[in-house]
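Geometric and topological summary
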Amino acid sequence: MADGTRSVRSGSPASSPLLGGRGRAAVVAAGGSSLPGHGFRRVTLTKPTFCHYCTDFIWGLAGYQCEVCNFMSHEKCLKNVKIPCSCIAPSLVRVPVAHCFGPPGHYKRKFCTVCRKSLESPAFRCEVCELHVHTDCILFACSDCRQCHQDGHQDHDTYHHHWREGNLSSSARCEVCKKTCGSSEVLSGMRCEWCGILAHAACYIIVTPECTFGRLRNMILPPSCVQLFSRNFSKLHCFRISESLQTEADEDDDVDGSTQGSVKDVQISTDSSKQNCSKQTLKIFDGNDAVKRNQFRLISVPRIAKNEEVVEAALRAYYINDDQQEYELQTFTQQALLSDDVINRNDAAEDSNLGSVFRESVPEAWIIRAKPKDEEVIRIYPAWLKVGMAYVSLRVNKDSTTQTVIKEVLPLLGRQMECPQNFKLVEVLMGSKQVQRMILDNQELILNRLKDIRKTSVRQMNQTRFYIVENSQSIVRVNLFVGGLPPQLSPEEYTNILKDELAIKTNVVSVSHVYQAQGAVVLEISCFSEAERIYMLVKDTTVNDKPLNAVVIPEVMASKIPQNCCPLLVFVNPKSGGLKGRDLLYSFRKLLNPHQVFELTNGGPLPGFHTFSKVPSFRVLVCGGDGTVGWVLGALEEIRHKLVCSEPSVAILPLGTGNDLGRVLRWGAGYSGEDPYSVLVSVDEADDVLMDRWTILLDAEEPSEGAENGIAEPEPPKIVQMNNYCGLGIDAELSLDFHHAREEEPGKFNSRFHNKGVYVKVGLQKISHTRNLHKDIKLQVDQHEVELPSIEGLIFINIPSWGSGADLWGSESDNRFEKPRIDDGLLEVVGVTGVVHMGQVQGGFRSGIRIAQGSYFRVTLLKPIPVQVDGEPWIQAPGQIIISAAGPKVHMLKKSKQKQKKTGSLKEMRVDSMSVSEGGR
C-alpha cells in the first residue's frame, strides 16, 4: 500500500509509520505499534452524546469528533484512544479474509463498524463474524473476517485472538478489570470472535495474543485442520449458505454508492457560521470504475470554499487519510462518462492566500484524482514467509520494476542469499466481499501500476497490498459434492452421466467418492475455473427429471486435530417448527467454525458426514423435529461403514411440533430461544446413552395398477426406519389429514402453536368416526398370534413419549410386561379406542390399552389402512408389515441433570482461554 501522511489535527497522533530520512528503505517489526490515525475536531453537541472510549455521557456542549469515522471522545480521553480510525484499518489487517454478507436486514441496537453510527436503515451483517455495516459503508469495510480454514497461502498452527469492536450487551464485563465494557449507546468494547473473551479497548492490548478457543475448545473444529481452495467461490458458497439469502443483496450491488450513499454528509470544519448556513451538495467519484457504475458519495460543502478544503472533504468521504496536497478534483461532462476524457478545470493558481475556491456555478459531479509522482514509498509484505516482520517500506521510482523491487526487498528480509527468480510479487485487493490476487509481471513498472490502480479507484488503492511470495508448485484440489443422481450406479456410470450432462474434463476432474445408495458423488477438481463452471452448471441441470445439487466441501486434515478435541457436527433444518433454524444457523456459525455447521436443505446430511468421515472422534447435534432426527440417523446408518468414527453420539435441539425424542432425552419440549452458547455447553456435558432403532418392511400384496400385458404384479417391498413409534388406524389418519393441510398452505405452518391447533381441528372432525381396526388387521408378536381388543388405532412405541409428550404405555406396574426402556430391544404395543381416548391420554387422564411387548412383529392388513412412522403418514395397501430390530443400537446424548452454570453474562464464557500478562495488571 502506498504510504502517505495527512495533516494531524488537535489530539490526533500520526496515522502510520513513515519512511523517514534513514536511506532508501526502512523495516517495520511485526510487533510494532500502530497509532489510531484519527482526525479529531472540536464540535458543538446538540443532543445527548456518549464517549466511544469510556462510554460515559459527555457533559457540556463540546466534544471531540473524528472527521472521518465519527469517533466521539471527551477531551480527557483523547490521549488514551487506542481504536484505529476506519481510514487506516485496512493497513492493520494481519491476514486479509473477505466477509460473508447475507441479505440486508434491520438490526436493532447495532452500530456500523465503519462509520460508527447506529443501524437505523437496512444494513448488512457478516454470517461468519460480528461485523455490521450500512449498505453505503460496505465498500469501505476491512477484509478482516475470521480465518476459518487454510487456503494454501498460509499455514498457522497457533491462532491469535480475533478482536471485533462493539455491539456487546450493556451487561458485558471486561475480563481484565471486571468492569462493564459493553454499551447500548455507542460502539465500544472488544470481543474475541473465537473464544468470546470481552475487554475494554484499553484493556485488550495487555491480553496475551494466543487464543485457545475457550470453553468450547473441544467442540470447535480448529481452522488449522481445515483446508479449502476457494479462490473462485464466494464466501456464501464456501460456507454452504443458501443462495436465496443473497438474492436481495445482489440486486443492490450496483446502487450501493449512488442511492445509499446519498445520505453521507461530510462537512468541512470551519468557524464561519455564514459559510455553514449556505451549502451545496457535490457528487464525488473516486475513479473510472465508480463513474461507470454510477457509484458516488455526496459531500455537503459551503458554496464558497477553498479547493484544499473540498479535496479534504472528498477524501474523508472515501475514508482516505493521505495528504490532500497529493490529490485534486477534476470535473467531467456527460461525454466523459462514455469516453473517459476527463477535463481538469482546477488549474487556478495556488500561491494565493485564498487558493482555488469552489463557487456556486461549479459542476455538481467531480472525480478524485491522484497527482502524478516521480517516486513513491510502498509497503512490501513478506506474505507467508516466516521472517518476523510485518512489512518493509521501499522507495520506488519511474524505473522500478517488479524484478528490481524483489531484488531490493530480499536483503531487507534476510533472504539476500536467495535467487530473485524464486520469488514473485503478488498484488492483493482486500475487498470486503472478496480478496483478489494477481501476480505481477517481472518487467511491469511499479509506478505505472500504482497510477492505474488509483485511476480505477482511489479507494481500492487504500485496500491494495503487495506481497512477495516464493515460487512453488501450487496444488489445487477443490472437492465438490454432487447429489440428486440416480442411485445404485457404478463409478463409471456416474462419470458418463457427468460427461453427458456437465461436459466434465476428465483430465482435471475425477470421482473420488461414490455414495451409490444416496445417488451422490464427490468430485476432486484440480482447476479453479473448471470447478466454478461445474458448480454453476449443476444448479440448472436435471437427471431423470430430478434436479442436481452441488456443495463445496472442505477437507478436514484429521492428523492435525488435537488429541482431546471432539468436534461437533451441527445439522440445522431451517424449516422446522417456528422457523427458528435460520437464527440458530447464524448463532452456531459464530460460536463454532462455520465449516462444521450444515444446513439440511442444502444437500441433506450426507455432505456433513462426508466432511467428517476421517475425523477420529466427533459428536452430532441435530436441530429440528423428530422427522429431521430420523433423517439424520437414517443417513448415518447408511454411511456408517465409511466413517472412521462409526458411532458418533447424537444430541437434539428440538425445533419440531411434537419433539417426543427430545423430551425423552431431556432436551425439552421445544426450543424457545435459549442462549445457543448454553445449548453447546449442555451438549458438551451430556451423557451418552443407547437407543434401539427398528426396521419396518412393508410388503403390499395388492397388484400395482397399469401393469404391462394385463398381468398384475405386486409393488416391490419398501423398507423404512423407525425411532419413536409407528401407528396404524386413527392415529395415522389424523397425521395424514394434518400432512395434507400443510401441503395445501405450507406458509401458515410456521409455529408450534398453530400446528397443534390444526391437529385439534382434524381430531374433532373424526370424533364420531368409527373404524373397527381389530377386524381389518392381524397381529403376531414373536411368532405368537395376539388377539386384539375393539380398537380404532394400534401403536408400536419405542420411547416413553407419544403425541407431544403423552405417556401412552402408562406408569402402572404390570407383571405381564417388563418396564420399558429405550435400549431394551423391545417394542410396546398399545391400542386406542378413538379420538376421545387419544385426547384423554394427551391430558394425562388415561393411558392406552396395553396389548403386547416383543422384539419381532408381523401385522397383516386386510384392507388399505393409514400408517405413520415417526410422523410421516401414508395409505398402506393390504399386505404384510414386519417390524424387527435394526442393526446396532444408536448412541444418543441425554442432557445431564446437573444444574448448568449461568452463562448469560458471558462472565464464565471460556475465561480459561485468556491469560493476562502480569505487568499489565
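Analysis parameters
Residues numbered from 1 in each chain as written. Predicted model: local features only at pLDDT ≥ 70, side-chain atom pairs only at ≥ 80, totals over all residues. Heavy atoms only, no water. Helix = DSSP H or I, 4+ residues; strand = E, 2+ residues; numbered from the N terminus. Contact = heavy atoms within 4.5 Å. Areas by Shrake-Rupley, 256 points an atom, 1.4 Å probe, with all protein chains shown as cover. Pairing = 2+ DSSP bridges. Axes fitted to C-alpha atoms, helices over the stretch in contact; angles between N-to-C directions. Phe/Tyr/Trp six-rings, centres within 6.5 Å; stacked < 30°, edge-to-face > 60°. Buried < 20%, exposed > 50% of the residue type's maximum accessible area, 1.4 Å probe, protein only. Disulfide = S-S within 2.5 Å. pLDDT = per-residue confidence, 0-100.

1. Re the overall build of the chain
In terms of regular secondary structure, the chain is built from 20 helices and 46 strands. The contacts in the chain between residues at least 6 apart in sequence include a share of 71% that link residues at least 24 apart. Summed over its atoms, the accessible surface of the chain is roughly 40,400 Å², and 49% of this surface lies on carbon and sulfur atoms.

2. Description of the sheet that holds strand 38 (residues 784-786)
Within the open sheet, the six strands sit side by side as 35-34-45-42-37-38. Their pairing is antiparallel. Of all strands in the sheet, those bounded by a partner on one side alone are strand 35 (718-722) and strand 38. Averaged over all pairs of adjacent strands, the angle between their axes in this sheet comes to 20°, without regard to strand direction. Strand direction decides the pairing type here: strand 42 (residues 856-861) and strand 45 (residues 879-885), joined by six bridges, are antiparallel. Paired with R858 across the two strands is I882, which belongs to strand 45.

3. Topic: the pairing of strand 11 (residues 279-285)
Bridge count for strand 11 against strand 12 (residues 297-302) is six bridges, and the pairing is antiparallel. Following the sheet pairing, L282 is matched in strand 12 by I299. Sheet topology places strand 11 next to strand 16 (residues 365-370); three bridges connect them, and they run parallel. By the bridge assignment, F285 is partnered in strand 16 with I367.

4. Overview of the sheet that holds strand 4 (residues 72-73)
Spatially, the three strands line up as an open sheet ordered 2-3-4, and their pairing is antiparallel. Among the strands making up the open sheet, the edge pair consists of strand 2 (40-44) and strand 4. Sheet topology places strand 2 next to strand 3 (residues 62-66); five bridges connect them, and they run antiparallel. Note that in strand 3 the partner of R42 across the bridge is Y64.

5. Remarks on the packing of aromatic side chains
Within the structure shown, the criterion is met by 18 aromatic pairs. Taking the centre distance of 6.1 Å and the plane angle of 70° together, the rings of F101 and F124 count as edge-to-face. Placement of F101 in the loop between strand 4 and strand 5 (123-125) and of F124 in strand 5 is noted, with a sequence separation of 23 residues between them. Among the residues examined, F101 registers a relative accessible area of 6% and is labelled buried. For F124, a relative accessible area of 1% translates into the label buried.

6. Some points on helix 12 (residues 581-591)
Within helix 12, eight of the 11 residues are buried, which leaves it mostly tucked inside the rest of the structure. For helix 12, the full list of buried residues reads G581, L584, L585, Y586, F588, R589, K590 and L591.

7. Regarding the state of the cysteines
Inspection of the entire model under this criterion finds zero disulfides. Here C203 stays free of any disulfide, with the sulfur of C174 as its closest cysteine sulfur at 3.9 Å.

8. So, the confidence of the model for the chain
Parts of the model with low pLDDT should not have their predicted coordinates read in detail. Chain-level statistics for the chain give a pLDDT mean of 81 and a share of 79% at 70 or above. For the chain, the element scoring lowest by mean pLDDT is helix 2 (residues 247-251), at 36; strand 29 (residues 568-572) scores highest, at 96. In this model, residues 334-356 is a region of pLDDT below 50 whose contacts with residues beyond four sequence positions or in other chains number 33 contacts.

9. Focus: the pairing of strand 45
Counting buried positions over the seven residues of strand 45 gives five, a clear majority of the element. The pairing of strand 34 (residues 694-700) with strand 45 spans seven bridges and is classified as antiparallel. Each bridged residue has a counterpart across the sheet, and for A700 the counterpart in strand 45 is G879.

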